[in-house]
Protein chains: 2
Amino acid sequence: MAKIKTGKAVVLLSGGLDSCTCLAIAQDQGYECVGLSFDYGQRHRVELEAAEKLARTAKVADYKVIPVDMRGIGGSALTDSAIEVPEQESVGIPVTYVPARNTVFLAYALGWAEVLKARAIFIGVNALDYSGYPDCRPDFIEAFQNMANLATKMGVEGDSIIIETPLIDLTKAEIIRKGISLGVDYSKTTSCYQADARGRACGRCDSCRLRKKGFEEAGVVDPTVYI
Amino acid sequence: MAKIKTGKAVVLLSGGLDSCTCLAIAQDQGYECVGLSFDYGQRHRVELEAAEKLARTAKVADYKVIPVDMRGIGGSALTDSAIEVPEQESVGIPVTYVPARNTVFLAYALGWAEVLKARAIFIGVNALDYSGYPDCRPDFIEAFQNMANLATKMGVEGDSIIIETPLIDLTKAEIIRKGISLGVDYSKTTSCYQADARGRACGRCDSCRLRKKGFEEAGVVDPTVYI
């Protein structure tokens, strides 16, 4: 049995399958969790509504949505309406990559963690499924953690913060199995890059394909509602 | 004579004396500069107006103001009206320190740098005058640069980005002398934490005291208008 961790943790919540599992893992480890989401002009607005509902259901100690203006910067299909969301497997770094997104998200999480004197930040990045995103790799996370401990008052005063990435080496099927074992209700999560206003998934984008395959491989009935 | 640098650079501009000098240095080195400011709910709103004017005067290639919501996070006298701006020398990390502020600012700069394929990010941090701020120290900057090159598409593809801190080891007097030699008009900058609506400085806060002493030590007439 894993050692029970004490103290606060900031958990990044997108409303998707991964971050929801991440929250369940953090709570299971014993952390008092707060949830943090970002309104970054994402096309898939339904995710944000899902994130808030999931946070409330999990009874987090606090929940915030921070507006993050990445549209002015541009450069991604997820925030720039001039770039199309692809419906086929992409090669190299996908066009859905948002420049420095995880760096910006983790920076805000770090600010909140410092105010709360939190011990950990949980982020549901995954190096297997999203190997095309540079800011989902373990060496990025390690470098961020190193920087974070030099950036902050708590770091200077000897209280280090840990960036926890419990999903980083798991397949989608393993993530789903883990979440099911912790009682996660995946019908409340949404992963589609272009879900409709009622939260129904397209079933065709990168994110939908990965999720669908995950449920198949996990041998779990896919609770996703498709268009 | 310094080697002329080519390519683009993102320069963080606060409207203060340091960042304005930083922009002049970056342009003098040959970079094609863009200016980036943050509206983070700072009490000293006049700085933001000064930043835009300085950017236009310096004829930057582009200029953006990104809204950054740090008020929700709290924890600093600069963004939280419940904490008073001190008028005497502070010991340790000052209450004007905003948790993870430079990490958040540099993260956005990194995103824009990646979209622009910029070669450098300039930030006017200074380790001498602001030794109390953990995110103004050279080892933080080095750790951020290391992280930045793992976070981004350009880093992965072998084009590294440099975080330039030309003021980091300079005294305020040395910064002023450098700026004067590059033709900087300091009457257009504002550094006061609590300037009035007309941009007049209080003359008493930490930032005012450092600036005043800098002009005295540089032997340059202080062009600041005080209340």
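Residues numbered from 1 in each chain as written. Chains lettered and ligands numbered in written order. Predicted model: local features only at pLDDT ≥ 70, side-chain atom pairs only at ≥ 80, totals over all residues.

Caption draft 1: Layout of the overall build of chain A. Summing up its helical and strand segments, chain A has seven helices and five strands in all. For chain A, the succession of helices and strands along the chain, N to C, is β-α-β-α-β-α-β-α-α-β-α-α. Here chain A holds 227 residues, and the buried ones make up 51% of them. Pairs at least 24 apart in sequence give 70% of the contacts found in chain A among residues at least 6 apart. (Helix = DSSP H or I, 4+ residues; strand = E, 2+ residues; numbered from the N terminus. Buried ≥ 20, exposed ≤ 12 C-beta atoms within 10 Å, placed from the backbone. Contact = placed C-beta atoms within 7 Å.)

Caption draft 2: Quick look at the interface of chain A and chain B. Listed per partner, the contact involves 36 residues of chain A and 36 residues of chain B. Secondary-structure elements contributing two or more residues to the side of chain A that touches chain B are β3 (62-67), α3 (101-116), α4 (138-151) and α5 (153-156) of chain A. Looking at the side of chain A that touches chain B, the element that brings in the most residues is α3 of chain A, giving nine residues. Within the side of chain A that touches chain B, the residues separate by chemical class into 22 nonpolar, eight polar and six charged. (Nonpolar A, V, L, I, M, F, W, Y, C, P; charged D, E, K, R; others polar.)

Caption draft 3: Structural context of helix α1 (residues 17-28) of chain B. Residues and elements named next belong to chain B. Look at α1: 17 Å from first C-alpha to last across 12 residues, which is about the 16 Å you get at 1.5 Å a residue. The buried fraction of α1 is high, at 10 of 12 residues. Within the sequence span of α1, burial applies to Leu-17, Asp-18, Ser-19, Cys-20, Thr-21, Cys-22, Leu-23, Ala-24, Ile-25 and Ala-26. Of the surrounding secondary structure, the elements contacted by the buried residues of α1 are β1 (8-12), β2 (32-39), α2 (46-57), β4 (120-122), α6 (172-181) and α7 (206-218). Taken from the residues just after α1, Gly-30 is the one with a positive phi, measuring 105 degrees. (Expected span 1.5 Å × (residues − 1).)

Caption draft 4: Focus on the environment of Val-11 of chain A. All names here are of chain A. Mapped onto the fold, Val-11 is located in strand β1 (residues 8-12). Considered as a pair, Val-11 and Gly-219 are 208 residues apart in the sequence and their alpha carbons are 28 Å apart. Look past the residues within four positions of Val-11 in its chain and what remains in contact with it is Cys-22, Leu-23, Ala-26, Cys-33, Gly-35, Leu-36 and Phe-122.

Caption draft 5: The arrangement of the sheet that holds β1 of chain A in detail. Residues and elements named next belong to chain A. Strand order in the open sheet made by the five strands is β3-β2-β1-β4-β5, with parallel pairing throughout. Whereas interior strands pair on both sides, the edge strands pair on one side only; in this sheet they are β3 and β5 (162-164). Taking the axes of each pair of neighbouring strands and ignoring which way they run, one obtains an average angle of 25 degrees across the sheet. With three bridges connecting them, β1 and strand β4 (residues 120-122) associate as parallel partners. What sits directly across from Ala-9, in β4, is Ala-120. Here helix α2 (residues 46-57) sits on the sheet and contacts β2 (32-39) and β3; the angle it forms with β2, its principal contact strand, is near 170 degrees. Seen against the sheet, α3 touches β1, β2, β3, β4 and β5 and runs at an angle of roughly 160 degrees to β1. (Pairing = 2+ DSSP bridges. Axes fitted to C-alpha atoms, helices over the stretch in contact; angles between N-to-C directions.)

Caption draft 6: Expanded view of the nonpolar core. Formed by 139 residues in total, the largest nonpolar core has its most connected members in Val-11, Ala-109 and Ile-121 of chain A together with Val-11, Ala-109 and Ile-121 of chain B. For this core, the element with the highest residue contribution is helix α3 (residues 101-116) of chain B, accounting for 11 residues. (Core = buried A, V, L, I, M, F, W, Y, C linked by C-beta atoms within 7 Å.)

Caption draft 7: Main features of the packing of α6 of chain B against α7 of chain B. Residues and elements named next belong to chain B. Running from amino to carboxyl end, α6 crosses α7 at an angle of 65 degrees, the nearest separation of the two axes being 7 Å. Classified by the angle between their axes, α6 and α7 sit roughly perpendicular to one another. Along this stretch, α6 crosses α7, giving a crossing that reads as right-handed. Contact residues: Lys-172, Ala-173, Ile-175, Ile-176 and Arg-177 in α6; Leu-210, Arg-211, Lys-213, Gly-214, Phe-215, Glu-217 and Ala-218 in α7. The class makeup of the residues in the contact of α6 with α7 is six nonpolar, one polar and five charged. (Parallel < 35°, antiparallel > 145°, perpendicular 65-115°, else oblique. Left-handed = near helix turned anticlockwise from the far one by under 90°.)

Caption draft 8: Representation of the sheet that holds strand β5 (residues 162-164) of chain B within the structure. All names here are of chain B. Taken in spatial order, the five strands make up an open sheet running β3-β2-β1-β4-β5, and their pairing is parallel. Pairing within the sheet leaves two strands with one partner each, and these edge strands are β3 (62-67) and β5. Direction aside, the axes of adjacent strands within the sheet are offset by 25 degrees on average. For β2 and β3, the ladder comprises six bridges, and the chain directions are parallel.

Caption draft 9: The arrangement of the relation of the copies chain A and chain B in detail. Between chain A and chain B, which share one sequence, the superposing operator has a rotation angle of 180 degrees and an axial displacement of 0.0 Å; the RMSD is 0.0 Å. Taken together, the rotation and translation relating the two chain copies correspond to the operation of a two-fold axis. When C-alpha positions in chain A are compared against the rotation axis, the closest is assigned to Val-104 of chain A, at 3.0 Å. The overlap is high: 100% of the interface residues of chain A also sit at the interface in chain B, so the same surface is used on both sides. (Least-squares fit on C-alpha atoms with pLDDT ≥ 70 in both.)

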